[in-house]
Amino acid sequence: MKCDVLTLFPDILTAYLNESILKRARDKNLLDVKLYNIRDFASGPHRTVDDSPYGGGSGMVFKPEPVFRAVDFIKEDGELRKVILLSPQGKPYNQSMAEAYSREKKRFVFICGRYEGIDERVKTLVDEEVSIGDYVITGGELAALVIIDAVTRLIPGALGDEKSVEDESFSWGLLDYPHYTRPREFRGMQVPEALVSGNHKEIWLWRRREALRKTLKKRPDLIEKVELTDLDKKILSEIKASEDA
Ligand code: ADE
């Protein structure tokens, strides 16, 4: 994944990009992130990036000029880009968007808003407006990191262990199954027999059953969306029957 992030607070991103999986992905050139401080593109002695809203009201609005200048500057190299504005009004981000982004050939530009909002004319620069959920956070930086993180995990080689992503049950469209590690018994709580059986088929089946059970209980809306196999349907009816009993 290649991206440019326009922000007033590059340090917020630097900290996260320099740890763990994202750092390793950058070291392996699987992830390329360039940070641009929007204030560097503002004019005047104070490099002002915000102003009061036309029509009155509280709060400040992100001025259009610095953002247009930053985007013009970034685009000078002629590379094909997809410009994404992070905002609570955007399309809700989910795993299928992360998968689509991981296949995207274009370089991403993430515009991180702040203040009460961004001058509406900035939207003429934007290909897609994306939200990370129905709540308002202080700025788009965390949202850009969420998007970059979820995409990076899907890039082959980024996790080190190729199997991990396929095993993540969200890639099945379900919630995750329970995990256990040593010791086998802890404060009277046992690790389920199937997981210590050494039988891969039995382990896979236990995980699938538990992922289905958890999803049915906590997020039945996801069950509606996922493509269920005949085996899944059988497992689900067994789960429902055992819970009715
Ligand atoms: N900026 C503020 N809130 C946001 C949200 N929920 N998603 C993306 N960007 C945001």
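Basis of the calculations
Residues numbered from 1 in each chain as written. Predicted model: local features only at pLDDT ≥ 70, side-chain atom pairs only at ≥ 80, totals over all residues. Heavy atoms only, no water. Core = buried A, V, L, I, M, F, W, Y, C linked by side-chain atoms within 4.5 Å. Buried < 20%, exposed > 50% of the residue type's maximum accessible area, 1.4 Å probe, protein only. Helix = DSSP H or I, 4+ residues; strand = E, 2+ residues; numbered from the N terminus. Contact = heavy atoms within 4.5 Å. Domains from an automatic or database assignment. Pairing = 2+ DSSP bridges. Axes fitted to C-alpha atoms, helices over the stretch in contact; angles between N-to-C directions.

What exactly am I supposed to notice about the nonpolar core here?
One broad trend across soluble globular proteins is that nonpolar side chains are buried collectively. Ranked by size, the top nonpolar core spans 29 residues in total, and within it Met1, Leu86, Tyr93, Tyr101 and Phe110 carry the most contacts. Among the elements of the structure, β1 (2-7), α1 (10-17), α2 (20-27), β5 (81-92), α4 (95-103), β6 (107-112) and α5 (141-152) are those that each provide at least two residues to this core. In terms of residues, this core owes the most to one element, α5, which gives 7 residues. Setting aside chain neighbours within four positions, we find Met1 in contact with Leu30, Leu31, Asp32, Phe108, Phe110, Ile148, Val151 and Ile155. Counting 20 residues, the second largest nonpolar core, distinct from the first, contains Leu6, Val71, Leu85 and Leu125.

Would you mind showing me how to read the domain arrangement of the protein here?
For interface size, the figure often reported is the accessible area lost on association. In terms of domains, the protein is made up of domain 1 (2-152) and domain 2 (169-244). Here the C-alpha centre of domain 2 lies 37 Å away from the C-alpha centre of domain 1.

Can you walk me through the sheet that holds β1 in this structure?
As a general point, the strands of a sheet are linked pairwise by backbone hydrogen bonds and lie either parallel or antiparallel. If you trace the 5 strands from one edge of the open sheet to the other, you get β2-β1-β6-β5-β8, paired in parallel fashion. Edge positions in the sheet fall to β2 (32-37) and β8 (128-131), since each of these pairs with one other strand and no more. Across the sheet, the axes of successive neighbouring strands diverge by a mean angle of 30°, strand direction being ignored. Of the strands in this sheet, β1 and β2 are in contact with α1, which crosses β2 at around 160°. Taken strand by strand, helix α3 (residues 64-74) contacts β1, β2, β5 and β6, and its axis lies near 155° from that of β1.

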